[in-house]
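# Summary of the model geometry
These are the residues of each chain, in order.
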Amino acid sequence: MRTRTENTARVVVIGAGMAGARLAARVPDVTVIGEESHAPYNRVLLAEVLAGRYAPDVIALPPAEVRRGVRVVRIDRDDRLVHCDDGSVVRYGRLVLATGSNPVLPPLRGLGNTLPDGVHAFRTLDDCMALRASVRPGVSAVVIGGGLLGVSAARALAECGAQVVLAHQGEHLMERQLDAESAALLRSHLESLGVEVHTECRVRGLRCSDGAVGAVELADGYELAAEITVLACGVRPRTGLAQAAGLEVRKGVVVDDELRTSDPNIHAVGDCAEHRSTVYGLAGPALEQADVLAEVLAGRPARYDGTRALTRLTLNGPADPASGSLDLAAFGDSRPLPGDDVIRLADATRGAYRTVVVRGDRLAGGVLLGDLAAVGTLARTWQDDAPLPAETSLLHLLTNDGGF
């Protein structure tokens, strides 16, 4: 006869990223198991560490008890046991998967299971420190991918003095968040930092010699010199443990509004979780999910209804202080549908741009670059999914708090 595990009230969290650390700060009698040797840290600020603005200890999260450098290899759902690569076995009452995501490695010629010297992912603090150690003034660097992560990495490398080329397959930078006009302003700002930007540019492979990268090969046959190559091609939820344990997995580990998986004793939060067919892959939703789950684990009524996330990015200006920095905020869907109202204000001389899309009586999305005085009001209205007051002028949405 199978015996049930002892101490079934214990909460065990697999993953010591931002979501796991948030839970550790809010749930008593919790065991957190993390693969990384570092204490939990704010992943959002890795580009600032790469640029040399922050030391690694500055981005550390509040102290949490974590079993560091330990990898979970198997979940035994029948006996509620977690098996680790150091031979230890941990009992759980409730298990939380906060396993995060892995960087996507594109199918490039010359890129095998082991990254060649000089080729870096940019996902962990170890990735960041290895990349920083290899950067020196004048080194040639190619960043593959022009999403939020690629733009952040390119800016940071340029600040370190590298000669940076950003190669992006899409029509414009950060196409998930920006429209073409705002992306053009972002591109101009990156170019003012010395970053060479190529869009609609497909990378075919890497040219390596003696195990080290030397160039990035484009589909048109052109080669970009590359002593350093950064892969910023997106992330994929880490679902291997969940799949092996027989949990329901689609894009991510499927959870309900209590962040519960197909096993009622196992929850999932953060980048690995799929809620209502959405995998967010962002810090804001991960923290919100952790807060909701802390209430659920405490026996208090709480439900997660999804997150209306806001993307924020600050790109510091070039060496000339008068050039200033570029502040960017994007939320929702800035691509209008038939029948939507679009309000747009642009000031090319000041590098300022604002656009919002109104669908019915609600904000559908927007992009703001430059002066972000209006972002607080707009973001709150959008995040609350609140109807716009009937007396509100659409133009006033963009010109409050001083405007242009």
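To keep things clear, this report deals only with the structure shown in the data block. This is a predicted model, so every value here is computed, not measured.

## Thoughts on the overall build of the protein chain
The secondary structure content of the protein chain amounts to 9 helices and 25 strands. For the protein chain, whose C-alpha radius of gyration is 23 Å, the value lies close to the compact-globule estimate of 22 Å for 404 residues. Overall, the C-alpha framework of the protein chain stretches about 75 × 65 × 35 Å when taken along its three principal axes. Sorting the 404 residues of the protein chain into buried and exposed places 49% on the buried side. Counting contacts in the protein chain only where the partners sit at least 6 residues apart, residues at least 24 apart contribute 59% of the total. With the model as given, the accessible surface of the protein chain reaches about 18,600 Å², and the carbon-plus-sulfur share is 47%.

## Topic: helix H1 (residues 18–26)
The set of residues buried in H1 consists of Met 18, Ala 19, Gly 20, Ala 21, Leu 23 and Ala 24. Buried residues belonging to H1 abut strand E1 (11–14), strand E2 (30–33), strand E7 (94–97) and helix H7 (283–297).

## Comments concerning the state of the cysteines
Overall, the coordinates contain 0 disulfides when judged by the stated rule. Sulfur of Cys 201: no disulfide; nearest cysteine sulfur belongs to Cys 233 and is 12 Å away. Of the residues examined, Cys 201 reaches a relative accessible area of 9% and is grouped as buried.

## Thoughts on the sheet that holds strand E15 (residues 223–225)
The 3 strands are arranged E13-E14-E15 in an open sheet whose pairing can be described as antiparallel. Two strands lie at the open edges of the sheet, namely strand E13 (203–209) and E15, each paired on one side alone. Each strand axis lies, on average, 30 degrees off the axis of its neighbour in the sheet, ignoring direction.

## Overview of the nonpolar core
With 45 residues, the main nonpolar core has Phe 122, Leu 157, Leu 186, Leu 190 and Val 195 as its most contacted residues. Residues in contact with Leu 186, not counting those within four places in the same chain, are Val 151, Leu 173, Met 174, Leu 178, Leu 315, Leu 326, Leu 328 and Leu 369. With 44 residues, the next largest nonpolar core counts Val 11, Leu 23, Leu 241 and Leu 247 among its residues.

## Quick look at the side chain of Asp 340
Mapped onto the secondary structure, Asp 340 falls in the loop between strand E22 (326–332) and strand E23 (341–347). At a separation of 2.7 Å, a polar atom in the side chain of Asp 340 contacts the main-chain amide nitrogen of Leu 337. For Asp 340, the side chain forms a polar contact with the side chain of Arg 359, separated by 2.9 Å. Among all residues touching Asp 340, those that are not within four sequence positions of it are Val 357, Val 358 and Arg 359.

## Here's the deal with the sheet that holds E1
The 5 strands lie next to each other as E3-E2-E1-E7-E19, forming an open sheet whose pairing is parallel. What marks the edges here is a single partner per strand, and that holds for strand E3 (66–67) and strand E19 (266–268). Relative to E19, E7 runs parallel, the two being bridged by 3 bridges. Residue Leu 97 lies in a different strand from E19, and its bridge partner there is Ala 268. Here H1 sits on the sheet in contact with E1, E2 and E7, set at roughly 160 degrees to E2.

## Here we look at the pairing of E1
Looking along a regular strand, one sees side chains alternate from face to face of the sheet. In E1, alternate side chains face the same way, and those of Val 11 and Val 13 on one face and Val 12 and Ile 14 on the other are all buried. Summarising the sheet, E1 and E7 pair through 4 bridges and their orientation is parallel. Bridge assignment links Val 12 to a residue of E7, and that residue is Leu 95. Sheet topology places E1 next to E2; 4 bridges connect them, and they run parallel. In the sheet register, Val 11 faces E2, and the bridge partner there is Val 30. Between the parallel elements E1 and E2, the chain passes through H1 in a crossover that is right-handed.

## A short note on the pattern of salt bridges
Evaluation of the coordinates by the stated rule reveals 28 salt bridges. Close ionic contact of Arg 250 with Glu 248 constitutes a salt bridge, the shortest N to O distance being 2.8 Å. Taken together, the shared-partner salt bridges connect Glu 48, Arg 53, Arg 155 and Glu 159 into one network.

## Some remarks on the packing of aromatic side chains
Under the counting rule described, the total for this entry stands at 2 aromatic pairs. Ring geometry for Tyr 280 versus Tyr 304: centroids 6.5 Å apart, planes at 80 degrees, classification edge-to-face. Taken together, the residues span a long stretch of sequence, with Tyr 280 in the loop between strand E20 (273–275) and H7 and Tyr 304 in the loop between H7 and strand E21 (310–315) at a distance of 24 residues. Of the two residues, Tyr 280 and Tyr 304, neither departs from the other in class, the shared state being buried. With a centroid separation of 5.4 Å and an interplanar angle of 50 degrees, the aromatic rings of Phe 331 and Trp 382 are classed as tilted. On the criterion of sequence distance, the pair formed by Phe 331 in strand E22 and Trp 382 in helix H8 (residues 375–383) is long-range, its members being 51 residues apart.

Definitions and cut-offs
- Residues numbered from 1 in each chain as written.
- Predicted model: local features only at pLDDT ≥ 70, side-chain atom pairs only at ≥ 80, totals over all residues.
- Heavy atoms only, no water.
- Helix = DSSP H or I, 4+ residues; strand = E, 2+ residues; numbered from the N terminus.
- Rg over C-alpha atoms; globule rule 2.2 N^0.38 Å.
- Buried < 20%, exposed > 50% of the residue type's maximum accessible area, 1.4 Å probe, protein only.
- Contact = heavy atoms within 4.5 Å.
- Areas by Shrake-Rupley, 256 points an atom, 1.4 Å probe, with all protein chains shown as cover.
- Disulfide = S-S within 2.5 Å.
- Pairing = 2+ DSSP bridges.
- Axes fitted to C-alpha atoms, helices over the stretch in contact; angles between N-to-C directions.
- Core = buried A, V, L, I, M, F, W, Y, C linked by side-chain atoms within 4.5 Å.
- Polar contact = N/O pair within 3.5 Å; in protein donor to acceptor, adjacent residues only side chain to side chain.
- Right-handed = clockwise from strand over helix to strand, strands pointing away.
- Salt bridge = Lys/Arg side-chain N within 4 Å of Asp/Glu carboxyl O.
- Phe/Tyr/Trp six-rings, centres within 6.5 Å; stacked < 30°, edge-to-face > 60°.

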